[in-house]
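Spelled out from the first residue to the last, the chains are:
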Amino acid sequence: MKWNIQKRLLFLVLAAGILSFLAMSSLSFYGMNIVREEMTEMGKKVGEAGANFTETLMTYHLKRTLGELATARADFIEHEADLVRADVKILANIMTRIASNPDDYKPVKLLDPRFDKVHNFEPYIIYSPESYLNGMTPELRREIGIASNIGTDLVAVSKSYANYKSSFNVGSRNGYFIGVTLYPETNGALHFRDEDIYQYDCRTRPWYINALNTDEPIFSDLFTNNDEDHYQAINCSAPYYDRNGVAGVVSIGLSTVEIYTAIEETAIGENGFTFVLNKNGEVIFSSRMEDNLIANSGGKDLRQNSEKTLAEAATKMTEGQSGIFPVIVDGEEYFLAFAPMKRLGWSFATLTPRKSIDDAAEKGADYFLAQIENFRRRLQSELFLLTLAGIILLGGLSYIFLTSSKELSARFVKPIHELSDGVRDIASGNLNQKLDIHTGDEIEHLAVSFNAMTAELKTYMANLTKVTAERERIATELDVATEIQRGMLPKDFPAREDFELLATMTPAKEVGGDFY
């Protein structure tokens, strides 16, 4: 089957277009595939590098957070200690004013645990052991009555510690003891044993003895209270004065249970815990209740611990340094973040299991990798959608290209058809046919040439007709002349046996004259 020009042109255009599009599509698909592979590989590398960086950064920030938390908690404890110190200072100043100006006050009678029921927020008095044995002089009795004015101030200060197991005390050099005791968990009634009354001498207590050697409030070491539950406590005490010098000591004692609760909230991780170290390297507060680093009165110097990392960290703590130090406690690795409490001479520390830090950093790295994986999946999905869109676009463009190619080829072939029809008319003898084609290309030039050829052919035909008619006239005249001349020739000749006679004439076709 032979194809006409239009079909050939259509096929050529379609083939060229489809091949070009397929080539571009193949190149694009190949490029996208390379991009996808490169992005996947790059994503893996970036993911691994990012995960490592994230893990390192998370570890750094967690350590930094531990350090900041230790500093913040140390500042908080020191601030709370400053408040206690300020209250002790206030009570010491009030007691000094009372003891130095006894004439300005009237004797006050306080509750006596021997005979009276004492409740929370109620001031009471306990006399010295020798007073129970030897009695009291009128001067001592008056002094006690005057000193008892401090009871109102003790109650006022104790209101700020309503949620703490605490005591607010005034111990005299003459042995008597004025106090307000709080037991928040009781129904308000306080219980005193006989030894708490008849054998208690405040002058032998560490909080009393330590305060005699300083003019400012001072915190004692951790000690076990003599009450029935023998809770561990710490005291802040300061001396007060009369006209003769040191007259006694004012003290506020706080149970460490509440402090344990406060510092336990600072611990990070399931097995994390916190503690406070004094200047002697002894643990005075701890959120841990067993194994190493628990708080005990008369505890061991942590700087002498058999675990070198812990001993080294304790040394740094007692020197007032701050930082983060890897240590081993009970065979487990920890990060120890510590910060000094300079005014107290203590150091606050928080211990976080290394595993907790590593787990948190690993979670951060896993999260980063998960984000990279999600990005890779989204990229693959988008590339798939892009490929699908390309296929759909290819189909649409192919349809458009086919339709436009048909129209384009028809428009291109139309002048050829017009030329063919015109030539056919001319060939049939219609020399008046003019080809009116204006395409601006070779076809128009060919049409112009055909028109010129037709005009020349028409002129030639006209000339040829004229010449042919003239020749036919001359030929007719010659034929007539020939017949006349032929009629003039003799026809009858005598018959002879030895020869024959014959007359003939050959006329000239174009010139006159006869040959005879």
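Structure first, text after, so check above.
This text gives an overview of the structure that appears in the document. (Residues numbered from 1 in each chain as written. Predicted model: local features only at pLDDT ≥ 70, side-chain atom pairs only at ≥ 80, totals over all residues. Heavy atoms only, no water.)

**A closer look at the sheet that holds strand β12 (residues 346-353)**
- Pairing in this open sheet of five strands is antiparallel, and the strands run β9-β8-β12-β11-β10 from one edge to the other. Looking at strand neighbours, the two that pair on one side only are β9 (283-286) and β10 (323-329), the edges of this open sheet. Neighbour-to-neighbour, the strand axes of the sheet open up by a mean angle of 30°, direction not taken into account.
- Contacting β8 (273-277), β10, β11 (332-341) and β12, helix α8 (residues 308-318) runs over the sheet at an angle of about 145° to β10. (Pairing = 2+ DSSP bridges. Helix = DSSP H or I, 4+ residues; strand = E, 2+ residues; numbered from the N terminus. Axes fitted to C-alpha atoms, helices over the stretch in contact; angles between N-to-C directions. Contact = heavy atoms within 4.5 Å.)

**Some words on the nonpolar core**
- In terms of nonpolar packing, the biggest core is built from 49 residues, with Ile-178, Ile-252 and Trp-346 touching the most fellow members.
- With 12 residues, helix α1 (residues 5-100) is the single largest residue contributor to this core.
- Counting 18 residues, the second largest nonpolar core, distinct from the first, contains Leu-302, Phe-325, Val-329 and Leu-336. (Core = buried A, V, L, I, M, F, W, Y, C linked by side-chain atoms within 4.5 Å. Buried < 20%, exposed > 50% of the residue type's maximum accessible area, 1.4 Å probe, protein only.)

**Side note on the pattern of salt bridges**
- Applying the stated criterion across every chain, the model contains nine salt bridges.
- Here Asp-201 and Arg-203 are joined by a salt bridge, their closest N and O atoms 2.9 Å apart.
- Put simply, Asp-301 and Arg-303 hold a salt bridge, and the shortest N to O gap is 3.0 Å.
- On the accessibility criterion, Arg-303 (30% relative accessible area) is partly exposed.
- Each of Glu-130, Asp-201 and Arg-203 takes part in salt bridges that share partners, so that together they form one network. (Salt bridge = Lys/Arg side-chain N within 4 Å of Asp/Glu carboxyl O.)

**As for the side chain of Asp-87**
- Structurally, the position occupied by Asp-87 is in helix α1.
- Despite its burial, Asp-87 pairs with no opposite charge, the nearest such side chain being Arg-85 at 11 Å.
- Engagement of the side chain of Asp-87 in a polar contact is seen with the side chain of Tyr-161, the distance being 2.5 Å.
- Here Asp-87 is in contact with Val-157, Tyr-161 and Ile-252, once residues within four sequence places are set aside. (Lys, Arg positive; Asp, Glu negative; His and termini not counted. Polar contact = N/O pair within 3.5 Å; in protein donor to acceptor, adjacent residues only side chain to side chain.)

**Describing the pairing of β8**
- Counting buried positions over the five residues of β8 gives five, a clear majority of the element.
- Residues Phe-273, Phe-275 and Leu-277 line one face of β8 and the alternating positions Thr-274 and Val-276 line the opposite face, and both faces are buried.
- One ladder, built from five bridges, connects β8 with β12; its direction is antiparallel. Counted as the bridge partner of Phe-275 is Ala-349 from β12.
- As consecutive antiparallel partners, β8 and β9 are separated by five residues, and within that stretch Gly-281 has a phi angle of approximately 80°, a positive value.

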